[in-house]
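A closer look at the structure
One letter stands for each residue in the lines below.
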Amino acid sequence: MIAIIDYKMGNIRSVENALRRLGAEWILTDDPVAISKADKVLLPGVGHAGEAMVNLRLRNLTHVIKNLRHPVLGICVGMQVMCRHTEEGDADCLGIFDAKVRRFADSPHLKVPHMGWSRIANLESRLFKNINSGSFVYFVHSYYAPLCPDTIATSGHGTMFSAALKYENFYGTQFHPEKSGDVGEHIIRNFLEL
(Lines give C-alpha, C1' and ligand atoms only; values in the text may rest on other atoms or scores of the structure.)
Protein backbone atom coordinates (compact mmCIF):
# COMPACT_ATOMS: atom_id res chain seq x y z
CA MET A 1 0.00 0.00 0.00
CA ILE A 2 1.17 3.52 -0.84
CA ALA A 3 0.55 6.36 1.60
CA ILE A 4 0.14 9.86 0.18
CA ILE A 5 0.82 12.27 3.04
CA ASP A 6 -2.07 14.70 3.41
CA TYR A 7 -0.68 17.92 4.84
CA LYS A 8 -2.91 20.36 2.92
CA MET A 9 -0.32 21.39 0.33
CA GLY A 10 -2.26 20.64 -2.84
CA ASN A 11 -1.60 18.63 -5.99
CA ILE A 12 -3.10 15.50 -4.48
CA ARG A 13 -5.56 14.86 -7.31
CA SER A 14 -2.82 14.74 -9.97
CA VAL A 15 -0.78 12.27 -7.91
CA GLU A 16 -3.85 10.10 -7.29
CA ASN A 17 -4.65 10.10 -11.02
CA ALA A 18 -1.09 9.02 -11.85
CA LEU A 19 -1.28 6.14 -9.36
CA ARG A 20 -4.69 5.15 -10.71
CA ARG A 21 -3.30 4.97 -14.26
CA LEU A 22 -0.58 2.63 -12.98
CA GLY A 23 -3.10 0.41 -11.17
CA ALA A 24 -1.59 1.17 -7.75
CA GLU A 25 -3.46 1.16 -4.44
CA TRP A 26 -3.05 4.12 -2.11
CA ILE A 27 -4.47 5.94 0.87
CA LEU A 28 -4.48 9.69 1.50
CA THR A 29 -3.63 10.14 5.16
CA ASP A 30 -1.99 12.21 7.87
CA ASP A 31 -2.09 9.29 10.33
CA PRO A 32 1.46 8.55 11.56
CA VAL A 33 0.69 4.84 12.06
CA ALA A 34 -0.68 4.39 8.53
CA ILE A 35 2.29 6.28 7.07
CA SER A 36 4.76 4.14 9.04
CA LYS A 37 3.09 0.90 7.91
CA ALA A 38 2.91 1.81 4.19
CA ASP A 39 5.15 0.07 1.65
CA LYS A 40 5.92 3.38 -0.09
CA VAL A 41 5.25 7.01 0.86
CA LEU A 42 4.63 10.02 -1.38
CA LEU A 43 5.05 13.57 -0.10
CA PRO A 44 3.62 15.78 -2.85
CA GLY A 45 3.41 19.53 -2.52
CA VAL A 46 2.49 22.75 -4.22
CA GLY A 47 2.72 26.09 -2.47
CA HIS A 48 4.89 27.65 0.21
CA ALA A 49 7.64 25.48 1.76
CA GLY A 50 7.58 27.39 5.06
CA GLU A 51 3.85 26.77 5.37
CA ALA A 52 4.40 23.13 4.43
CA MET A 53 6.77 22.73 7.40
CA VAL A 54 4.22 24.33 9.72
CA ASN A 55 1.58 21.88 8.48
CA LEU A 56 3.89 18.88 8.95
CA ARG A 57 4.74 19.99 12.50
CA LEU A 58 1.08 20.58 13.40
CA ARG A 59 0.35 16.98 12.37
CA ASN A 60 3.38 15.63 14.30
CA LEU A 61 4.77 14.17 11.07
CA THR A 62 8.36 15.47 11.01
CA HIS A 63 9.85 12.65 13.11
CA VAL A 64 7.62 10.08 11.44
CA ILE A 65 8.91 11.03 7.99
CA LYS A 66 12.58 11.22 9.03
CA ASN A 67 12.37 7.74 10.60
CA LEU A 68 10.79 5.98 7.62
CA ARG A 69 12.84 3.06 6.29
CA HIS A 70 10.84 2.24 3.17
CA PRO A 71 11.04 4.29 -0.07
CA VAL A 72 9.80 7.89 0.20
CA LEU A 73 9.34 10.26 -2.76
CA GLY A 74 8.97 14.00 -2.22
CA ILE A 75 7.63 15.98 -5.18
CA CYS A 76 8.34 19.71 -5.69
CA VAL A 77 7.70 21.36 -2.30
CA GLY A 78 7.69 17.82 -0.89
CA MET A 79 11.33 17.52 -1.99
CA GLN A 80 12.22 21.01 -0.75
CA VAL A 81 10.98 20.34 2.79
CA MET A 82 13.22 17.26 2.88
CA CYS A 83 16.25 19.60 2.58
CA ARG A 84 18.01 21.31 5.52
CA HIS A 85 16.56 24.80 5.13
CA THR A 86 14.51 26.88 2.72
CA GLU A 87 14.71 30.58 1.98
CA GLU A 88 10.96 30.47 1.39
CA GLY A 89 9.73 31.56 4.80
CA ASP A 90 13.28 31.20 6.21
CA ALA A 91 12.30 27.79 7.58
CA ASP A 92 14.30 24.89 8.94
CA CYS A 93 13.18 21.72 7.20
CA LEU A 94 13.49 17.97 7.71
CA GLY A 95 17.25 17.86 7.07
CA ILE A 96 17.24 14.62 5.07
CA PHE A 97 19.00 16.04 2.00
CA ASP A 98 22.16 18.09 2.48
CA ALA A 99 20.95 21.19 0.65
CA LYS A 100 19.67 24.67 1.44
CA VAL A 101 16.81 25.67 -0.88
CA ARG A 102 17.30 29.05 -2.57
CA ARG A 103 15.18 31.39 -4.66
CA PHE A 104 16.05 31.88 -8.31
CA ALA A 105 17.70 35.29 -8.77
CA ASP A 106 15.53 37.96 -10.35
CA SER A 107 16.71 38.63 -13.88
CA PRO A 108 15.30 40.39 -16.95
CA HIS A 109 16.41 37.32 -18.95
CA LEU A 110 14.71 34.63 -16.85
CA LYS A 111 11.13 34.24 -15.76
CA VAL A 112 10.48 33.26 -12.16
CA PRO A 113 8.80 30.95 -11.50
CA HIS A 114 10.55 28.46 -13.74
CA MET A 115 7.50 26.95 -15.40
CA GLY A 116 7.19 24.46 -18.22
CA TRP A 117 9.08 21.61 -19.84
CA SER A 118 12.84 21.36 -19.28
CA ARG A 119 15.43 18.67 -19.83
CA ILE A 120 16.94 16.57 -17.06
CA ALA A 121 20.46 15.15 -17.25
CA ASN A 122 23.13 13.35 -15.20
CA LEU A 123 20.65 10.67 -14.14
CA GLU A 124 22.22 8.55 -11.40
CA SER A 125 19.59 6.37 -9.73
CA ARG A 126 17.25 3.43 -10.24
CA LEU A 127 14.53 6.09 -10.11
CA PHE A 128 15.60 6.89 -13.69
CA LYS A 129 15.88 3.32 -14.97
CA ASN A 130 15.26 3.35 -18.75
CA ILE A 131 14.92 7.16 -18.80
CA ASN A 132 17.21 8.93 -21.27
CA SER A 133 19.35 11.86 -20.25
CA GLY A 134 17.87 14.89 -21.98
CA SER A 135 14.27 13.79 -21.40
CA PHE A 136 11.75 16.57 -20.80
CA VAL A 137 9.81 16.85 -17.53
CA TYR A 138 7.46 19.50 -16.18
CA PHE A 139 8.58 22.09 -13.62
CA VAL A 140 6.75 24.84 -11.69
CA HIS A 141 8.96 26.43 -9.01
CA SER A 142 10.59 29.64 -7.82
CA TYR A 143 12.96 27.91 -5.39
CA TYR A 144 15.55 25.23 -6.04
CA ALA A 145 18.07 22.96 -4.34
CA PRO A 146 21.63 23.68 -5.54
CA LEU A 147 23.84 20.85 -6.75
CA CYS A 148 25.03 18.82 -3.76
CA PRO A 149 26.28 15.32 -2.86
CA ASP A 150 22.66 14.05 -2.88
CA THR A 151 21.98 15.23 -6.46
CA ILE A 152 20.86 12.39 -8.79
CA ALA A 153 19.59 14.51 -11.70
CA THR A 154 20.23 18.05 -12.89
CA SER A 155 18.45 20.73 -14.86
CA GLY A 156 19.06 24.38 -15.51
CA HIS A 157 17.28 27.72 -15.31
CA GLY A 158 19.92 30.44 -15.25
CA THR A 159 21.92 28.12 -12.99
CA MET A 160 22.26 24.37 -12.77
CA PHE A 161 20.18 22.91 -9.96
CA SER A 162 19.16 19.57 -8.49
CA ALA A 163 16.24 18.22 -10.50
CA ALA A 164 16.25 15.21 -8.18
CA LEU A 165 17.87 14.18 -4.90
CA LYS A 166 18.47 10.88 -3.09
CA TYR A 167 19.70 9.92 0.35
CA GLU A 168 19.34 6.32 1.47
CA ASN A 169 15.62 5.45 1.01
CA PHE A 170 14.57 9.07 0.41
CA TYR A 171 14.06 10.45 -3.11
CA GLY A 172 12.93 13.86 -4.27
CA THR A 173 12.03 15.40 -7.61
CA GLN A 174 11.80 19.15 -8.12
CA PHE A 175 9.76 18.45 -11.25
CA HIS A 176 6.28 16.97 -11.23
CA PRO A 177 6.45 13.39 -12.54
CA GLU A 178 2.66 13.17 -12.27
CA LYS A 179 2.43 15.95 -14.89
CA SER A 180 5.35 14.83 -17.05
CA GLY A 181 3.62 12.53 -19.52
CA ASP A 182 5.10 9.12 -20.35
CA VAL A 183 8.50 9.98 -18.88
CA GLY A 184 6.95 10.99 -15.55
CA GLU A 185 4.73 7.91 -15.49
CA HIS A 186 7.80 5.75 -16.02
CA ILE A 187 9.60 7.50 -13.15
CA ILE A 188 6.64 6.88 -10.82
CA ARG A 189 6.56 3.23 -11.91
CA ASN A 190 10.28 2.97 -11.15
CA PHE A 191 9.64 4.39 -7.69
CA LEU A 192 6.86 1.88 -7.07
CA GLU A 193 9.24 -0.92 -8.07
CA LEU A 194 12.06 0.11 -5.70
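Notes on the structure in this doc start here. Bear in mind the structure is a predicted one, so any value in this text is a computation, not a measurement.

Criteria and cut-off values
- Per chain, the residues get numbers from 1 upward, laid out in the order the sequence is written.
- Local features are withheld for residues below a pLDDT of 70 in this predicted model, meaning they are given only at 70 or higher, and side-chain atom pairs are given and counted only at 80 or more; totals for whole chains, interfaces and linings count all residues.
- Only hydrogens and water are set aside; all other atoms, that is, all heavy atoms of the structure, feed into the side-chain values.
- Three exposure classes are used, based on accessible area relative to the maximum for each residue type with a 1.4 Å probe and protein chains only: buried under 20%, partly exposed in between, and exposed over 50%.
- Only runs of H or I of at least four residues qualify as helices and only runs of E of at least two qualify as strands under DSSP, and these elements are numbered from the N terminus.
- Strand pairing requires that DSSP identify at least two bridges connecting the strands.
- Lines fitted to the C-alpha atoms define the axes, with helices restricted to the stretch that makes contact. Angles between their N-to-C directions range from 0 to 180 degrees.
- By definition in these notes, contact holds between two residues if any of their heavy atoms fall within 4.5 Å.
- Expected helix span is given by 1.5 Å per residue-to-residue step, counting one fewer step than there are residues.
- Arc, as used here, means the arc of the directions from the helix axis to the C-beta atoms.
- Between the rings of Phe, Tyr and Trp (Trp by its six-membered ring), a pair exists once the centres lie within 6.5 Å; its type follows the angle of the planes, with under 30 degrees stacked, over 60 edge-to-face, and the other angles tilted.

Regarding the pairing of strand β13 (residues 170-173)
By the alternation rule, side chains of β13 split into F170 and G172 and Y171 and T173, which are all buried. In terms of strand pairing, strand β4 (residues 72-75) meets β13 through four bridges, oriented parallel. Along β13, the bridge assignment pairs G74 with G172. Of the pairings in the sheet, the one linking strand β12 (residues 160-167) to β13 comprises four bridges and is antiparallel in character. Pairing of K166 across the sheet is with Y171, part of β13. Between β12 and β13, which pair antiparallel one after the other, the connecting turn spans two residues, and E168 there sits at a positive phi close to 50 degrees.

With respect to the sheet that holds strand β5 (residues 85-86)
An order of β6-β5-β7-β10 is seen for the four strands of this open sheet, with the pairing classed as mixed. Each edge of the open sheet carries a strand with a single partner, namely β6 (91-92) and β10 (143-144).

Looking at the sheet that holds strand β1 (residues 2-5)
Pairing in this open sheet of seven strands is mixed, and the strands run β2-β1-β3-β4-β13-β12-β11 from one edge to the other. The outermost strands of the open sheet, each flanked by one partner alone, are β2 (26-29) and β11 (151-156). Ignoring strand direction, the axes of neighbouring strands in this sheet form an average angle of 20 degrees. The strands that helix α6 (residues 181-192) touches are β1, β3 (40-43), β4 and β13; relative to β3, the one it contacts most, it runs at about 140 degrees.

Some words on α6
When the terminal C-alpha atoms of α6 are compared, their 17 Å separation across twelve residues agrees well with the 16 Å that a helix rising 1.5 Å per residue should span. The complete set of buried residues in α6 reads G184, I187, I188, N190 and F191. For α6, the arc enclosing every buried residue in end-on projection is 155 degrees, short of the 170-degree limit, so these residues lie on one face. Buried residues along α6 sit against α1 (12-21), β3, β4 and β13.

Overview of the packing of aromatic side chains
Applying the stated criterion across every chain yields a total of seven aromatic pairs. Centroid distance F104 to F161: 5.7 Å. Interplanar angle 80 degrees. Geometry classified as edge-to-face. Pair noted here: F104 is in the loop between β7 (100-103) and β8 (114-119) and F161 is in strand β12, with a separation of 57 residues, a long-range link. Both residues of the pair, F104 and F161, belong to the buried class. Between F139 and F175, the aromatic rings sit 5.8 Å apart at their centres with planes inclined by 75 degrees, giving edge-to-face as the arrangement.

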